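Fold and geometry: a report
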Amino acid sequence: MLRVIAIANQKGGVGKTTTAVNLSACLGSLGKHVLLIDMDAQANCTSGLGFEKSPNESLYPVLLGEGILEEKIKETEYDGVSLIPSEFDLCAAEVELARMSFDAGTGDPDQHLNWLKDALKPIVKRRRFDVVMIDCPPSLGKLTLSVLIAANSLLIPLQCEYYPLEGISSITDLMEQLKTSKVNKNLELVGVLMTMFDSRTNLSRMVVNEVREHFGDKVFRTVIPRATRVAESPSHGKPILYYDPYSAGSVAYETAAGELINRLGLA
Ligand SMILES: Nc1ncnc2c1ncn2[C@@H]1O[C@H](COP(=O)(O)OP(=O)(O)OP(=O)(O)O)[C@@H](O)[C@H]1O
Ligand SMILES: [Mg+2]
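Described in the following lines is the structure provided in the data block. Because the structure is predicted, anything quoted here is derived from the model rather than measured. (Residues numbered from 1 in each chain as written. Chains lettered and ligands numbered in written order. Predicted model: local features only at pLDDT ≥ 70, side-chain atom pairs only at ≥ 80, totals over all residues. Heavy atoms only, no water.)

A tally of helices and strands in the protein yields twelve helices and seven strands. Computed over its C-alpha atoms, the radius of gyration of the protein comes to 18 Å, within 12% of the 18 Å expected for a compact globule of 267 residues. Overall, the protein is about 55 × 40 × 35 Å in size when its C-alpha atoms are taken along their principal axes. When the 267 residues of the protein are sorted by exposure, 55% land in the buried category. Taken as a whole, the protein presents about 12,100 Å² of accessible surface, with 51% of it coming from carbon and sulfur. (Helix = DSSP H or I, 4+ residues; strand = E, 2+ residues; numbered from the N terminus. Rg over C-alpha atoms; globule rule 2.2 N^0.38 Å. Buried < 20%, exposed > 50% of the residue type's maximum accessible area, 1.4 Å probe, protein only. Areas by Shrake-Rupley, 256 points an atom, 1.4 Å probe, with all protein chains shown as cover.)

Neighbouring ligand 1 are 18 residues, the closest being Lys 16, Thr 17, Thr 18, Pro 225 and Ala 227. At a separation of 2.8 Å, a nitrogen atom of ligand 1 approaches a polar backbone atom of Ala 227. In the complex, the protein chains occlude 80% of the 620 Å² of accessible area that ligand 1 would expose alone. Of all elements in the fold, only α1 (16-29) and α10 (228-232) reach the threshold of two or more residues within the shell around ligand 1. Among the elements that take part in the shell around ligand 1, α1 stands out by supplying three residues, more than any other. (Near = heavy atom within 4 Å. Polar contact = N/O pair within 3.5 Å; in protein donor to acceptor, adjacent residues only side chain to side chain.)

All right, on to the environment of Arg 229 then. Its place among the elements puts Arg 229 in helix α10. Here Arg 229 is in contact with Ile 240, Tyr 243 and Asp 244, once residues within four sequence places are set aside. (Contact = heavy atoms within 4.5 Å.)

Below, the discussion takes up the packing of helix α4 (residues 93-103) against helix α7 (residues 142-150). In the contact formed by α4 and α7, the axes pass within 8 Å of each other and the chain directions differ by 80 degrees. Relative to α7, α4 is oriented roughly perpendicular. Seen from α4, the contacting residues are Ala 93, Glu 94, Leu 97, Ala 98 and Ser 101; seen from α7, they are Lys 142, Leu 143 and Ser 146. The class makeup of the residues in the contact of α4 with α7 is four nonpolar, two polar and two charged. (Axes fitted to C-alpha atoms, helices over the stretch in contact; angles between N-to-C directions. Parallel < 35°, antiparallel > 145°, perpendicular 65-115°, else oblique. Nonpolar A, V, L, I, M, F, W, Y, C, P; charged D, E, K, R; others polar.)

So, on to α7. Among the nine residues that make up α7, eight are buried, leaving the element largely enclosed by the rest of the structure. Taken residue by residue, α7 has Leu 143, Thr 144, Leu 145, Ser 146, Val 147, Leu 148, Ile 149 and Ala 150 as its buried positions. If you follow the buried residues of α7, they end up packed against β1 (3-7), α4, α5 (115-119), β5 (131-135), β6 (153-159) and α8 (168-180).

With that settled, the discussion passes to the state of the cysteines. The tally for this structure, following the rule as stated, stands at zero disulfides. Lacking any disulfide linkage, Cys 45 is separated from the closest cysteine sulfur, that of Cys 136, by 10.0 Å. Given a relative accessible area of 0%, Cys 45 falls into the buried group. The thiol of Cys 160 is not disulfide-bonded; the next cysteine sulfur, from Cys 26, is found 18 Å away. Overall, the relative accessible area of 7% leaves Cys 160 in the buried class. (Disulfide = S-S within 2.5 Å.)

Each aromatic ring pair is characterised by the separation of its centres together with the angle its planes make. If you walk through the whole model with that rule in mind, you get two aromatic pairs. A ring pair is formed by Tyr 78 and Tyr 242, whose centres lie 4.7 Å apart and whose planes are at 45 degrees; its orientation type is tilted. Of this pair, Tyr 78 sits in the loop between β3 (74-75) and β4 (81-84) while Tyr 242 sits in helix α11 (residues 240-243), placing them 164 residues apart in sequence. Judged by its relative accessible area of 5%, Tyr 78 is buried. Ring geometry for Tyr 162 against Tyr 163: centres 6.2 Å apart, planes inclined by 40 degrees, an arrangement best described as tilted. Using a relative accessible area of 59% as the deciding quantity, one classes Tyr 162 as exposed. Assessed through its relative accessible area of 57%, Tyr 163 is described here as exposed. The side chain of Arg 263 reaches across the aromatic face of Phe 220, ending 4.6 Å from its centre. (Phe/Tyr/Trp six-rings, centres within 6.5 Å; stacked < 30°, edge-to-face > 60°. Lys NZ or Arg CZ within 6 Å of the ring centre and 35° of its normal.)

Bringing α1 into the picture now. An α-helix turns once per 3.6 residues; consequently, residues spaced three or four apart project the same way. An ideal rise of 1.5 Å per residue puts 20 Å on 14 residues; α1 measures up with 20 Å between its terminal C-alpha atoms. Counted residue by residue, α1 has twelve buried out of 14 residues, so it is predominantly covered. Residues Lys 16, Thr 17, Thr 19, Ala 20, Val 21, Asn 22, Leu 23, Ser 24, Ala 25, Cys 26, Leu 27 and Gly 28 constitute the buried set of α1. (Expected span 1.5 Å × (residues − 1).)

Okay, the sheet that holds β6 next. Ordered by their spatial adjacency, seven strands build an open sheet running β3-β4-β2-β5-β1-β6-β7, and the pairing between neighbours is mixed. The open sheet has two edge strands, β3 and β7 (188-195), and neither has a second partner. Sheet topology note: the β1/β6 ladder contains three bridges and is parallel. Along β6, the bridge assignment pairs Ile 5 with Ser 153. (Pairing = 2+ DSSP bridges.)

Take a look at the structure:
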């Protein structure tokens with residue numbers, strides 16, 4: 001089964017994009033074939049892999065029914081990693097999805113939320129990829145909802161700061177709702193990844209303990225440290241594994257990728 005992983009948290013700046021880019025690169029280096037989809041109009045995955053934003057290269061035309069998903073796939077210079085970029089036009093996706101829901105009138109008003117799930121069907125069939133990783137925008141709007149409908153795994157990055165659990169029930173409740181309503185009964189929480197851990201403070205340790213109390217084994221054993229090299233690497237268009245392979249941040253993402261492979265049953 002193709003693993004389709006949504007990297008989501010409605011909170012901004014928690015490390016979603018950094019995690020999506022770096023786990024993709026590490027999975028690729030471990031021999032997996034990964035398709036990374038940038039589903040955020042900020043296009044940080046796109047620039048983080050060294051791509052320029054250019055018109056018509058995001059999935060927005062596919063949402064509109066103009067073109068197919070496979071045409072949007074770009075090869076990257078990193079082993080095993082392909083990318084579907086984003087650009088500004090994805091800003092319009094939220095409005096477009098709302099309009100489609102309105103136009104559906106008395107029909108099924110939520111049918112259009114299946115657009116991504118449907119667009120991924122040929123990829124599922126062709127078995128070219130082991131993992132599809134989707135970087136979500138910082139909201140639980142209709143775009144994120146369509147990702148959660150297309151996905152079978154949810155990975156939630158949480159920052160090691162005050163109240164990381166604040167608001168987290170919005171996304172876990174949404175996941176449960178999608179499952180119980182059978183809109184997406186396959187969706188599972190693959191894990192919670194703690195990011196930006198600062199070993200100099202007790203706060204980070206307290207936060208990790210609190211999150212482990214709440215989520216138990218769902219929390220990755222690997223914790224991602226706060227590291228300048230990790231923050232620098234996107235401006236060089238490189239995942240940390242290629243920017244500074246022996247740095248603490250790189251080692252942490254490699255370990256987390258190994259853990260993810262086990263959690264997904266892809267070993
Ligand atoms: N482990 C880390 N060490 C240091 N800086 C980090 C680390 N992880 C992420 N950052 C930095 O924190 C900021 C937010 O990270 P990132 O863009 O991955 O979060 P995000 O959840 O995708 O944000 P948004 O919600 O805006 O999409 C970025 O500037 C990033 O470089
Ligand atoms: Mg992001």
